[in-house]
Amino acid sequence: MNTHRKTAIIVGVLILVAYSVLGSGNPEAKTLGMVLEVISGLAVIAIAVLLFPLFKPYNKVASYLYIVLRGIEGGLLVVTGILFLSYNTSLLEIYAGIHAVHGYIFGIAALVFYYLLYQSKLIPRWISVWGLIAAILLIIANLLETTGIASGLMILYLPIILNEVILAIWLIVKGFDPTAIASLNAKTENNAHANGGF
């Protein structure tokens, strides 16, 4: 099994792990909630680190933006995981506030993520397009809910959840597109020659 195939499997597994946070909101299971959120945050960061070398040859600026956004997102999840242990009302209000901010960071990071996937063609473009649309719907849902215009918009969250689960399964079962990997290897080799003066 080559390195890129292993990376695809690991990323797919980590995406599924990151979604474990969805089950961490039980106020009676404080320790479990904390552990799940921290694991989710670390998984988000790990995904960005693993994909950065694959994205960078296609778009350096977007790749750096992606890893910064995912770093912030993962860090926020770690912080909220720790705050989730608290029974202090003020700290729980901070927890709720950070989660609201996290929703925007996640949505923006998802836009960059799926743009890079679309550009690199590492996965079928229909998954990338779906992800872009789903990320926009997520941002809209966050805006409507945080401004109080509307509530109970879970239906607008479903497209991104389903998309990322399908993406994870695709990466585990199929991996990255071989043609895209060949193109990536060519780009990496050309860059190495250019930088090395060959």
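Residues numbered from 1 in each chain as written. Predicted model: local features only at pLDDT ≥ 70, side-chain atom pairs only at ≥ 80, totals over all residues. Heavy atoms only, no water.

Colleague: It is not clear to me how the nonpolar core should be interpreted in this structure. Could you clarify?
Modeller: In terms of nonpolar packing, the biggest core is built from 45 residues, with Leu51, Tyr66 and Leu167 touching the most fellow members. Broken down by secondary-structure element, the contributors of at least two residues to this core are α1 (3-18), α2 (30-55), α3 (60-83), α4 (89-120), α5 (125-146), α6 (158-173) and α7 (178-196). With eight residues, α4 is the largest single contributor of residues to this core. Apart from the residues lying within four places of it in its own chain, the contact partners of tyrosine 66 are Ile47, Ala48, Leu51, Phe55, Ala109, Val112, Phe113 and Leu116. Ranked by size, the runner-up nonpolar core spans six residues in total, among them Leu83, Tyr95, Ile98 and Ile105. (Core = buried A, V, L, I, M, F, W, Y, C linked by side-chain atoms within 4.5 Å. Buried < 20%, exposed > 50% of the residue type's maximum accessible area, 1.4 Å probe, protein only. Helix = DSSP H or I, 4+ residues; strand = E, 2+ residues; numbered from the N terminus. Contact = heavy atoms within 4.5 Å.)

Colleague: Explain the environment of glycine 97 to me, please; I cannot follow it from the model alone.
Modeller: Secondary-structure assignment places glycine 97 in helix α4. The class for glycine 97 is partly exposed, based on a relative accessible area of 33%.

Colleague: Teacher, can you tell me more about the pattern of salt bridges here?
Modeller: Pairing is possible between side chains that carry opposite charge, provided their charged atoms lie close to one another. Across all of its chains, the model carries one salt bridge by this definition. One salt bridge connects glutamate 73 with arginine 70, and the closest N-O pair in it is separated by 2.5 Å. Of the two residues, glutamate 73 and arginine 70 are both situated in helix α3; the distance of three residues between them amounts to about one turn of the helix. For glutamate 73, a relative accessible area of 2% puts it in the buried group. (Salt bridge = Lys/Arg side-chain N within 4 Å of Asp/Glu carboxyl O.)

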